[in-house]
Amino acid sequence: MEKVIPSHVANTASAPPIEPPATVTAAKLPAGRARLIWWTAAVLSLAILLVTVWLQVPTFRTYVEEVPATFYYFLIAGFIFAMIDGAIGMSYGITSTTFSLAMGIPPASASTAVHISEILSNGIAGWMHFKMGNVNKKLFKMLIIPGITGAVIGAYLLSSLEHYSTYTKPVVSLYTFILGAIILKRAINIRRKASEGEAPKKIKRIGILGFFGGFIDAIGGGGWGSIVLSSLIAGGRHPRFSLGTVKACRFFIAMLSSLTFITILSHVHWEAVVGLVVGSAIASPIAARVSNKISAKTIMLAVSVIVMLASVKSIYGFVLKML
(Lines give C-alpha, C1' and ligand atoms only; values in the text may rest on other atoms or scores of the structure.)
Protein backbone atom coordinates (compact mmCIF):
# COMPACT_ATOMS: atom_id res chain seq x y z
CA MET A 1 0.00 0.00 0.00
CA GLU A 2 1.46 3.34 -1.01
CA LYS A 3 2.06 5.82 1.80
CA VAL A 4 0.58 9.25 1.22
CA ILE A 5 2.69 12.23 2.33
CA PRO A 6 0.78 15.39 3.20
CA SER A 7 1.29 18.24 0.76
CA HIS A 8 2.60 20.71 3.36
CA VAL A 9 5.25 18.21 4.51
CA ALA A 10 6.32 17.48 0.93
CA ASN A 11 6.66 21.17 0.16
CA THR A 12 8.76 21.67 3.27
CA ALA A 13 11.10 18.81 2.41
CA SER A 14 11.67 19.94 -1.15
CA ALA A 15 12.11 23.61 -0.34
CA PRO A 16 15.63 24.88 0.40
CA PRO A 17 16.40 25.46 4.10
CA ILE A 18 15.52 28.90 5.32
CA GLU A 19 18.43 30.69 6.96
CA PRO A 20 17.68 32.40 10.25
CA PRO A 21 17.64 36.18 10.13
CA ALA A 22 20.98 37.77 10.73
CA THR A 23 21.42 39.20 14.19
CA VAL A 24 23.66 42.06 15.11
CA THR A 25 26.16 41.02 17.83
CA ALA A 26 28.53 43.29 19.70
CA ALA A 27 32.16 42.76 18.85
CA LYS A 28 34.06 41.25 21.74
CA LEU A 29 37.26 42.95 22.85
CA PRO A 30 40.39 40.84 23.23
CA ALA A 31 40.90 39.63 26.77
CA GLY A 32 44.10 41.63 27.20
CA ARG A 33 42.54 44.88 26.02
CA ALA A 34 39.44 44.38 28.17
CA ARG A 35 41.60 43.75 31.22
CA LEU A 36 43.64 46.88 30.44
CA ILE A 37 40.45 48.94 30.22
CA TRP A 38 39.23 47.59 33.57
CA TRP A 39 42.59 48.35 35.22
CA THR A 40 42.64 51.87 33.75
CA ALA A 41 39.09 52.52 34.91
CA ALA A 42 39.89 51.23 38.40
CA VAL A 43 43.01 53.40 38.68
CA LEU A 44 41.21 56.50 37.43
CA SER A 45 38.32 55.89 39.84
CA LEU A 46 40.72 55.50 42.73
CA ALA A 47 42.59 58.66 41.72
CA ILE A 48 39.34 60.65 41.51
CA LEU A 49 38.27 59.32 44.90
CA LEU A 50 41.59 60.24 46.53
CA VAL A 51 41.57 63.74 45.03
CA THR A 52 38.00 64.28 46.20
CA VAL A 53 38.76 63.12 49.72
CA TRP A 54 41.92 65.23 49.76
CA LEU A 55 40.00 68.38 48.83
CA GLN A 56 36.88 67.77 50.91
CA VAL A 57 38.22 66.14 54.10
CA PRO A 58 40.80 68.32 55.91
CA THR A 59 41.55 65.66 58.54
CA PHE A 60 42.60 63.19 55.82
CA ARG A 61 44.88 65.81 54.28
CA THR A 62 46.47 66.52 57.66
CA TYR A 63 47.00 62.81 58.30
CA VAL A 64 48.71 62.24 54.94
CA GLU A 65 50.95 65.28 55.42
CA GLU A 66 52.11 63.88 58.77
CA VAL A 67 53.14 60.51 57.31
CA PRO A 68 56.97 60.27 57.31
CA ALA A 69 58.66 60.52 53.94
CA THR A 70 60.39 57.22 54.74
CA PHE A 71 57.07 55.43 54.25
CA TYR A 72 56.81 56.62 50.65
CA TYR A 73 60.42 55.66 49.93
CA PHE A 74 59.80 52.12 51.15
CA LEU A 75 56.45 52.00 49.37
CA ILE A 76 58.16 52.63 46.03
CA ALA A 77 61.04 50.31 46.93
CA GLY A 78 58.67 47.50 47.98
CA PHE A 79 56.83 47.81 44.68
CA ILE A 80 60.03 47.66 42.63
CA PHE A 81 61.57 44.79 44.61
CA ALA A 82 58.36 42.74 44.42
CA MET A 83 58.31 43.26 40.65
CA ILE A 84 61.90 42.04 40.44
CA ASP A 85 61.10 39.02 42.62
CA GLY A 86 58.14 38.19 40.40
CA ALA A 87 60.35 38.36 37.32
CA ILE A 88 63.26 36.19 38.49
CA GLY A 89 61.74 34.35 41.48
CA MET A 90 64.29 35.61 44.00
CA SER A 91 66.13 38.61 45.49
CA TYR A 92 63.23 40.36 47.28
CA GLY A 93 64.84 39.87 50.68
CA ILE A 94 68.34 40.80 49.59
CA THR A 95 67.29 43.94 47.69
CA SER A 96 64.99 45.09 50.50
CA THR A 97 67.67 44.55 53.13
CA THR A 98 70.31 46.34 51.09
CA PHE A 99 67.97 49.29 50.56
CA SER A 100 67.05 49.40 54.26
CA LEU A 101 70.70 49.46 55.32
CA ALA A 102 71.41 52.21 52.78
CA MET A 103 68.54 54.22 54.32
CA GLY A 104 70.27 54.04 57.71
CA ILE A 105 68.02 51.41 59.32
CA PRO A 106 69.88 49.03 61.68
CA PRO A 107 70.27 45.40 60.53
CA ALA A 108 67.75 43.91 62.99
CA SER A 109 65.07 46.46 62.10
CA ALA A 110 65.81 45.96 58.40
CA SER A 111 65.40 42.19 58.71
CA THR A 112 62.20 42.72 60.71
CA ALA A 113 60.68 44.89 57.99
CA VAL A 114 61.59 42.39 55.27
CA HIS A 115 60.24 39.34 57.11
CA ILE A 116 56.95 40.97 58.12
CA SER A 117 56.36 42.09 54.54
CA GLU A 118 56.97 38.52 53.34
CA ILE A 119 54.42 36.82 55.62
CA LEU A 120 51.35 37.52 53.50
CA SER A 121 52.90 36.93 50.08
CA ASN A 122 54.60 33.68 51.10
CA GLY A 123 51.48 32.48 52.88
CA ILE A 124 49.44 32.87 49.69
CA ALA A 125 52.19 31.35 47.54
CA GLY A 126 52.65 28.42 49.91
CA TRP A 127 48.92 27.71 50.03
CA MET A 128 48.63 27.80 46.23
CA HIS A 129 51.57 25.41 45.87
CA PHE A 130 49.95 23.09 48.44
CA LYS A 131 46.61 23.12 46.59
CA MET A 132 48.42 22.40 43.31
CA GLY A 133 50.23 19.41 44.84
CA ASN A 134 53.68 20.99 44.64
CA VAL A 135 54.57 20.45 48.31
CA ASN A 136 56.58 17.36 49.20
CA LYS A 137 55.27 16.56 52.69
CA LYS A 138 58.30 14.48 53.64
CA LEU A 139 60.70 17.21 52.55
CA PHE A 140 58.52 19.80 54.31
CA LYS A 141 58.78 17.92 57.62
CA MET A 142 62.56 17.66 57.28
CA LEU A 143 62.94 21.40 56.58
CA ILE A 144 60.37 23.15 58.74
CA ILE A 145 61.59 22.49 62.32
CA PRO A 146 65.32 23.08 61.65
CA GLY A 147 64.48 26.11 59.48
CA ILE A 148 62.31 27.71 62.18
CA THR A 149 64.90 26.93 64.86
CA GLY A 150 67.70 28.54 62.86
CA ALA A 151 65.55 31.57 62.03
CA VAL A 152 64.52 32.16 65.65
CA ILE A 153 68.10 31.83 66.90
CA GLY A 154 69.37 34.15 64.16
CA ALA A 155 66.66 36.71 64.91
CA TYR A 156 67.43 36.55 68.63
CA LEU A 157 71.16 37.04 68.13
CA LEU A 158 70.74 39.91 65.69
CA SER A 159 68.18 41.63 67.95
CA SER A 160 70.48 41.24 70.96
CA LEU A 161 73.24 42.97 69.01
CA GLU A 162 71.06 45.90 67.95
CA HIS A 163 73.07 48.27 70.16
CA TYR A 164 76.16 47.21 68.21
CA SER A 165 74.55 47.90 64.82
CA THR A 166 77.61 49.96 63.86
CA TYR A 167 79.57 46.70 63.74
CA THR A 168 76.85 44.30 62.60
CA LYS A 169 75.88 46.49 59.63
CA PRO A 170 79.16 45.95 57.67
CA VAL A 171 78.95 42.20 58.39
CA VAL A 172 75.44 42.05 56.94
CA SER A 173 76.59 44.23 54.03
CA LEU A 174 79.37 41.74 53.33
CA TYR A 175 76.75 39.00 53.26
CA THR A 176 74.55 40.96 50.83
CA PHE A 177 77.61 41.57 48.65
CA ILE A 178 78.23 37.81 48.48
CA LEU A 179 74.60 37.14 47.54
CA GLY A 180 74.86 39.85 44.89
CA ALA A 181 77.90 38.07 43.46
CA ILE A 182 75.93 34.80 43.43
CA ILE A 183 73.09 36.45 41.50
CA LEU A 184 75.65 37.89 39.06
CA LYS A 185 77.13 34.44 38.50
CA ARG A 186 73.71 32.96 37.83
CA ALA A 187 72.92 35.75 35.38
CA ILE A 188 76.11 35.05 33.44
CA ASN A 189 75.45 31.30 33.36
CA ILE A 190 71.68 31.52 32.82
CA ARG A 191 71.88 30.29 29.22
CA ARG A 192 74.54 27.68 29.80
CA LYS A 193 73.23 24.18 29.20
CA ALA A 194 73.72 21.57 31.83
CA SER A 195 76.54 19.23 30.92
CA GLU A 196 75.62 15.65 30.22
CA GLY A 197 76.75 13.01 32.64
CA GLU A 198 75.68 11.24 35.79
CA ALA A 199 72.67 12.63 37.62
CA PRO A 200 73.61 14.54 40.79
CA LYS A 201 73.13 12.73 44.06
CA LYS A 202 70.26 13.93 46.19
CA ILE A 203 71.29 16.01 49.16
CA LYS A 204 70.61 14.07 52.35
CA ARG A 205 71.39 16.43 55.22
CA ILE A 206 68.17 18.37 54.81
CA GLY A 207 67.94 19.34 58.48
CA ILE A 208 71.37 20.99 58.52
CA LEU A 209 70.55 22.82 55.28
CA GLY A 210 67.26 24.07 56.73
CA PHE A 211 68.86 25.27 59.97
CA PHE A 212 71.67 27.07 58.14
CA GLY A 213 69.27 28.64 55.64
CA GLY A 214 66.91 29.88 58.36
CA PHE A 215 69.74 31.25 60.49
CA ILE A 216 71.43 33.12 57.63
CA ASP A 217 68.06 34.37 56.36
CA ALA A 218 67.24 35.96 59.73
CA ILE A 219 70.71 37.44 60.15
CA GLY A 220 70.92 38.88 56.65
CA GLY A 221 67.25 39.64 55.94
CA GLY A 222 67.15 37.22 53.02
CA GLY A 223 68.75 34.16 51.50
CA TRP A 224 66.34 31.32 52.34
CA GLY A 225 65.48 30.79 48.70
CA SER A 226 68.99 31.44 47.41
CA ILE A 227 70.54 28.97 49.86
CA VAL A 228 67.95 26.24 50.40
CA LEU A 229 66.16 26.14 47.05
CA SER A 230 69.33 26.32 44.97
CA SER A 231 70.97 23.63 47.13
CA LEU A 232 67.99 21.28 46.80
CA ILE A 233 67.83 21.65 43.02
CA ALA A 234 71.60 21.36 42.65
CA GLY A 235 71.41 18.22 44.81
CA GLY A 236 69.04 16.50 42.40
CA ARG A 237 65.67 17.37 43.93
CA HIS A 238 62.73 18.03 41.60
CA PRO A 239 62.54 21.82 40.91
CA ARG A 240 58.74 22.07 41.12
CA PHE A 241 58.42 20.21 44.43
CA SER A 242 61.49 21.97 45.81
CA LEU A 243 60.03 25.39 44.99
CA GLY A 244 56.61 24.57 46.44
CA THR A 245 58.05 23.11 49.63
CA VAL A 246 60.52 25.95 50.18
CA LYS A 247 57.74 28.54 49.67
CA ALA A 248 55.47 26.75 52.15
CA CYS A 249 58.25 26.64 54.77
CA ARG A 250 59.09 30.28 54.12
CA PHE A 251 55.73 31.44 55.48
CA PHE A 252 56.34 29.88 58.91
CA ILE A 253 59.97 31.03 59.01
CA ALA A 254 59.04 34.62 58.15
CA MET A 255 56.26 34.65 60.74
CA LEU A 256 58.27 33.19 63.64
CA SER A 257 61.38 35.26 62.96
CA SER A 258 59.20 38.39 62.77
CA LEU A 259 57.60 37.57 66.14
CA THR A 260 61.07 37.12 67.62
CA PHE A 261 62.26 40.47 66.29
CA ILE A 262 59.15 42.32 67.50
CA THR A 263 59.32 40.72 70.96
CA ILE A 264 62.97 41.59 71.58
CA LEU A 265 63.47 44.89 69.78
CA SER A 266 62.61 48.04 71.71
CA HIS A 267 61.82 49.96 68.52
CA VAL A 268 60.55 48.83 65.13
CA HIS A 269 60.63 51.11 62.09
CA TRP A 270 56.96 50.63 61.24
CA GLU A 271 57.06 53.19 58.44
CA ALA A 272 59.49 50.89 56.61
CA VAL A 273 57.43 47.79 57.42
CA VAL A 274 54.12 49.26 56.21
CA GLY A 275 55.77 50.76 53.13
CA LEU A 276 57.22 47.40 52.07
CA VAL A 277 53.95 45.56 52.79
CA VAL A 278 51.79 47.99 50.78
CA GLY A 279 54.29 48.32 47.93
CA SER A 280 54.74 44.57 47.50
CA ALA A 281 50.97 43.99 47.73
CA ILE A 282 50.33 46.49 44.93
CA ALA A 283 52.98 44.86 42.75
CA SER A 284 51.81 41.27 43.26
CA PRO A 285 48.91 41.25 40.71
CA ILE A 286 51.01 42.71 37.87
CA ALA A 287 54.45 41.24 38.58
CA ALA A 288 53.83 38.05 36.62
CA ARG A 289 52.52 39.91 33.56
CA VAL A 290 55.48 42.31 33.44
CA SER A 291 57.97 39.51 34.01
CA ASN A 292 57.07 37.98 30.64
CA LYS A 293 58.15 41.14 28.83
CA ILE A 294 61.56 41.68 30.46
CA SER A 295 64.63 39.50 30.12
CA ALA A 296 65.37 37.68 33.40
CA LYS A 297 69.09 37.88 32.62
CA THR A 298 68.93 41.67 32.28
CA ILE A 299 67.09 42.04 35.58
CA MET A 300 69.49 39.72 37.41
CA LEU A 301 72.50 41.64 36.09
CA ALA A 302 71.01 44.96 37.19
CA VAL A 303 70.03 43.64 40.62
CA SER A 304 73.42 42.08 41.27
CA VAL A 305 75.32 45.25 40.32
CA ILE A 306 73.06 47.49 42.44
CA VAL A 307 73.25 45.20 45.47
CA MET A 308 77.02 44.86 45.26
CA LEU A 309 77.58 48.61 44.85
CA ALA A 310 75.28 49.46 47.77
CA SER A 311 77.02 46.86 49.93
CA VAL A 312 80.45 48.20 49.03
CA LYS A 313 79.25 51.71 49.88
CA SER A 314 78.13 50.56 53.33
CA ILE A 315 81.39 48.71 54.01
CA TYR A 316 83.44 51.67 52.76
CA GLY A 317 81.53 54.01 55.08
CA PHE A 318 82.28 51.76 58.05
CA VAL A 319 85.99 51.67 57.18
CA LEU A 320 86.13 55.47 56.97
CA LYS A 321 84.54 55.77 60.41
CA MET A 322 87.11 53.37 61.89
CA LEU A 323 90.09 55.29 60.44
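One structure accompanies this document, and this report is about it. In this text, all values refer to a predicted model and were calculated from it rather than measured experimentally.

What counts, and where the lines are drawn
Residues numbered from 1 in each chain as written. Predicted model: local features only at pLDDT ≥ 70, side-chain atom pairs only at ≥ 80, totals over all residues. Heavy atoms only, no water. Axes fitted to C-alpha atoms, helices over the stretch in contact; angles between N-to-C directions. Helix = DSSP H or I, 4+ residues; strand = E, 2+ residues; numbered from the N terminus. Left-handed = near helix turned anticlockwise from the far one by under 90°. Nonpolar A, V, L, I, M, F, W, Y, C, P; charged D, E, K, R; others polar. Expected span 1.5 Å × (residues − 1). Polar contact = N/O pair within 3.5 Å; in protein donor to acceptor, adjacent residues only side chain to side chain. Patch = residues over 30% accessible without salt bridge, like charges linked within 9 Å, V, L, I, M, F, W, Y side chains within 5 Å. Areas by Shrake-Rupley, 256 points an atom, 1.4 Å probe, with all protein chains shown as cover. Salt bridge = Lys/Arg side-chain N within 4 Å of Asp/Glu carboxyl O. Buried < 20%, exposed > 50% of the residue type's maximum accessible area, 1.4 Å probe, protein only. Phe/Tyr/Trp six-rings, centres within 6.5 Å; stacked < 30°, edge-to-face > 60°.

1. Let's talk about the packing of helix α7 (residues 137–160) against helix α9 (residues 206–220)
For the pair α7 and α9, interaxial distance at closest approach is 6 Å and the crossing angle is 35 degrees. Crossing angle aside, the handedness with which α7 passes α9 is right-handed. Along the lines of polarity and charge, the residues of the contact of α7 with α9 split into 14 nonpolar, 7 polar and no charged.

2. What about α7?
Between its terminal C-alpha atoms α7 stretches 34 Å, which fits the 34 Å expected from 24 residues at 1.5 Å a residue. One side-chain oxygen at the N-terminal end of α7 lies 3.1 Å from the backbone nitrogen of Lys138; it belongs to Asn136.

3. Things to note about a nonpolar patch on the surface
Nonpolar side chains collect at one region of the surface, where Leu120, Ile124, Trp127, Met128, Phe130 and Met132 lie side by side and expose about 680 Å² of accessible area between them. Note that Phe130 resides in helix α6 (residues 107–131). What makes Phe130 partly exposed here is its relative accessible area of 44%.

4. Some details on the packing of aromatic side chains
A full pass over the atoms with the stated rule returns 7 aromatic pairs. For the ring pair Phe71 and Tyr72, a centre distance of 5.2 Å and an interplane angle of 75 degrees mean the geometry is edge-to-face. Between the aromatic rings of Phe140 and Phe252, the centroid separation amounts to 6.2 Å while the plane-to-plane angle is 70 degrees, which identifies the pairing as edge-to-face. Of this pair, Phe140 sits in helix α7 while Phe252 sits in helix α11 (residues 239–264), and the two are 112 residues apart along the sequence. Phe252 gets classed as partly exposed once you look at its relative accessible area, which sits at 33%. Every member of this aromatic cluster is reached through a ring pair, and the members are Phe74, Phe81 and Phe99.

5. Looking at the pattern of salt bridges
Any two side chains of opposite charge can pair, on the condition that their charged atoms come close. Summed over all chains, the structure comprises 2 salt bridges. Arg250 is the partner of Glu118 in a salt bridge, and the nearest nitrogen-oxygen pair spans 2.0 Å. Taken together, the residues Glu118 in helix α6 and Arg250 in helix α11 connect sequence positions 132 residues apart. Exposure class is identical for Glu118 and Arg250. Each is buried. Among the ionic pairs, Asp217 bridges to Arg250, the shortest N-O distance being 2.5 Å. Pair noted here: Asp217 is in helix α9 and Arg250 is in helix α11, with a separation of 33 residues, a long-range link. A relative accessible area of 1% places Asp217 in the buried class. The exposure class assigned to Arg250 is buried, which follows from its relative accessible area of 6%. Linked by salt bridges that have partners in common, Glu118, Asp217 and Arg250 make up one network.

By themselves, these figures tell us nothing about what the structure is for.
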